[in-house]
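Each chain, written out:
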Amino acid sequence: MVAWKVVTVEARQLFRLDNEVLAFRFTATMSDRAGEAPQERLSSHGRLKLWLHAAGLAVPDVSPAELQDAIGLREAIYRAGLAVATTQRPDPGDAAILNRAAAAGQSRPALDENGLAVWNLSKQAPVPDALGVLAADAIHVLGGPDRDRIKACEGPGCAGLFLDTSRGGNRRWCSMNTCGNRVKKARLANK
Ligand SMILES: [Zn+2]
C-alpha cells in the first residue's frame, strides 16, 4: 500500500493525472501540444511503467518496442479525438490503430476484495493488455453517445482533450486547476 502511494506522488509530479477520461489522461502525457515546446512526458520506458501503475494498469516491465507502441497508440487516440472534437471523422488509419490495440488486449475487469474495479492483465503480454484497455476506453468515448462533448482545451498552448460533462456544455479548459487558472491569472494581470 505504501509503495503504491509513493509511486502515485512521483507520478503526480511527472504527469497530469486529473483528466476524468482514462484515454485522454493518456494523451495528456504529451503536454503543451499547441505550444512552442510540446513536452514528452513518456520519455523512457520507466516513465510509461510509472504512468500505467498510476492508471491501475501495473506491469512488471516495459520494453523499448512497447514504449514505441504506446506512443503510437497515444498519438492515434489524440488525432482521432481532435477529429471528433472538431466534428470530423477519425482518420481510418488512426481508427485501425485503435481497433488493433483493443483487439490485441486480453485484460479482464474484476472487482477486488474491496469491491473496487481493477484490470487483470495477463502474465504473457501485460503491456499490450494495458494498451488494449486504453484503446478500448478511447473507442468507447470517441464513438459513444457523449462524443459531441469531446473538446480540445482552449488554454494557452494546451489543446488537451477532455470530455465536457458540464450541464451547459460550456467548459473550455481541460482542467480548472491548470489551464483554467492560467487563463484567470492572465486576465487578472491584464486588468
Ligand atoms: Zn488545458
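The structure displayed is predicted, hence computed values, not measured ones.

### Brief notes about the coordination of the zinc ion
Where a metal carries four tetrahedral donors, each ideal angle is 109.5 degrees; where it carries six octahedral donors, the ideal angles are 90 or 180 degrees.
1) Next: On the protein side, the zinc ion has Cys153 (SG), Cys158 (SG), Cys174 (SG) and Cys179 (SG) as donor atoms, found 2.3 Å from it.
2) Next: One can describe the donor arrangement at the zinc ion as tetrahedral, given that its 4 donor atoms subtend angles of 105 to 115° at the metal.
3) Next: Classification of cysteine 153 as buried rests on a relative accessible area of 7%.

### Observations regarding unusual backbone geometry
Where the residue is not glycine, phi is negative for most of them; where a peptide bond is considered, it is trans in most cases.
1) Next: Notably, threonine 87 is not glycine yet its phi reads approximately 55°, a positive angle.
2) Next: One can find threonine 87 in the loop between helix 4 (64-85) and helix 5 (92-104).
3) Next: Even without being a glycine, alanine 159 presents a positive backbone phi close to 60°.
4) Next: Considering the arrangement of structural elements, one finds alanine 159 in the loop between strand 5 (150-152) and strand 6 (161-163).

### Describing the packing of aromatic side chains
1) Next: Tallying each qualifying case throughout the model produces 1 aromatic pair.
2) Next: Ring geometry for phenylalanine 26 and tryptophan 51: centres 5.1 Å apart, planes at 40°, overall tilted. Taken together, the positions of phenylalanine 26 in helix 2 (residues 22-27) and tryptophan 51 in helix 3 (residues 45-54) put the pair 25 residues apart, joining distant regions of the chain.
3) Next: We classify phenylalanine 26 as buried; its relative accessible area is 0%.
4) Next: Its relative accessible area of 0% is what places tryptophan 51 among the buried residues.
5) Next: The residue whose ring lies beneath arginine 33 is tyrosine 78, and the NZ or CZ to ring-centre distance is 3.9 Å.

### Here's the deal with the environment of leucine 17
1) Next: Within the fold, leucine 17 resides in the loop between helix 1 (2-14) and helix 2.
2) Next: A sequence separation of 34 residues divides leucine 17 from tryptophan 51, and the C-alpha atoms of the two residues are 8.9 Å apart.
3) Next: If near-sequence neighbours (up to four positions away) are discounted, leucine 17 is found in contact with Ala11, Arg12, Arg25, Trp51 and Ala54.

### Observations regarding the packing of helix 4 against helix 5
Packed helix pairs are characterised by how far apart their axes lie and by the angle those axes make with each other.
1) Next: Between helix 4 and helix 5, whose axes approach to 9 Å, the crossing angle comes to 130°. Taken together, the axes of helix 4 and helix 5 lie oblique to each other. At the point where helix 4 passes helix 5, the crossing takes the left-handed sense. Contacts between helix 4 and helix 5 involve Gly72, Leu73, Ala76, Ile77, Arg79 and Ala80 from the first element and Asp94, Ile97, Leu98 and Ala101 from the second.

### A look at the nonpolar core
1) Next: By size, the foremost hydrophobic cluster in this structure holds 42 residues, and its most contacted members are Phe26, Trp51, Leu73, Leu134 and Leu142.
2) Next: Counting only elements with at least two residues in this core, the list comes to helix 1, helix 2, helix 3, helix 4, helix 5, helix 6 (126-143) and strand 6.
3) Next: Sequence-distant contacts of leucine 73, that is, excluding residues within four places in its chain, are made with Phe26, Ile97, Leu98, Ala101, Leu131, Leu134 and Ala135.

### Overview of the packing of helix 4 against helix 6
1) Next: For the pair helix 4 and helix 6, the least separation of the axes is 11 Å and the interaxial angle reads 0°. One way to sum up the angle between helix 4 and helix 6 is to call them roughly parallel. Contacts between helix 4 and helix 6 pair Glu66, Asp69, Ala70, Leu73, Ile77, Ala80, Gly81 and Val84 from the former with Val127, Pro128, Leu131, Leu134, Ala135, Ala138 and Leu142 from the latter.
2) Next: Residue classes in the contact of helix 4 with helix 6 are distributed as 12 nonpolar, 1 polar and 2 charged.

So, how was this worked out
Residues numbered from 1 in each chain as written. Predicted model: local features only at pLDDT ≥ 70, side-chain atom pairs only at ≥ 80, totals over all residues. Heavy atoms only, no water. Donors = N, O, S within 2.8 Å, 3.2 Å for Na, K, Ca; no water. Tetrahedral: all angles 85-135°; square planar, octahedral: opposite > 155°, others 65-115°. Buried < 20%, exposed > 50% of the residue type's maximum accessible area, 1.4 Å probe, protein only. Helix = DSSP H or I, 4+ residues; strand = E, 2+ residues; numbered from the N terminus. Phe/Tyr/Trp six-rings, centres within 6.5 Å; stacked < 30°, edge-to-face > 60°. Lys NZ or Arg CZ within 6 Å of the ring centre and 35° of its normal. Contact = heavy atoms within 4.5 Å. Axes fitted to C-alpha atoms, helices over the stretch in contact; angles between N-to-C directions. Parallel < 35°, antiparallel > 145°, perpendicular 65-115°, else oblique. Left-handed = near helix turned anticlockwise from the far one by under 90°. Core = buried A, V, L, I, M, F, W, Y, C linked by side-chain atoms within 4.5 Å. Nonpolar A, V, L, I, M, F, W, Y, C, P; charged D, E, K, R; others polar.

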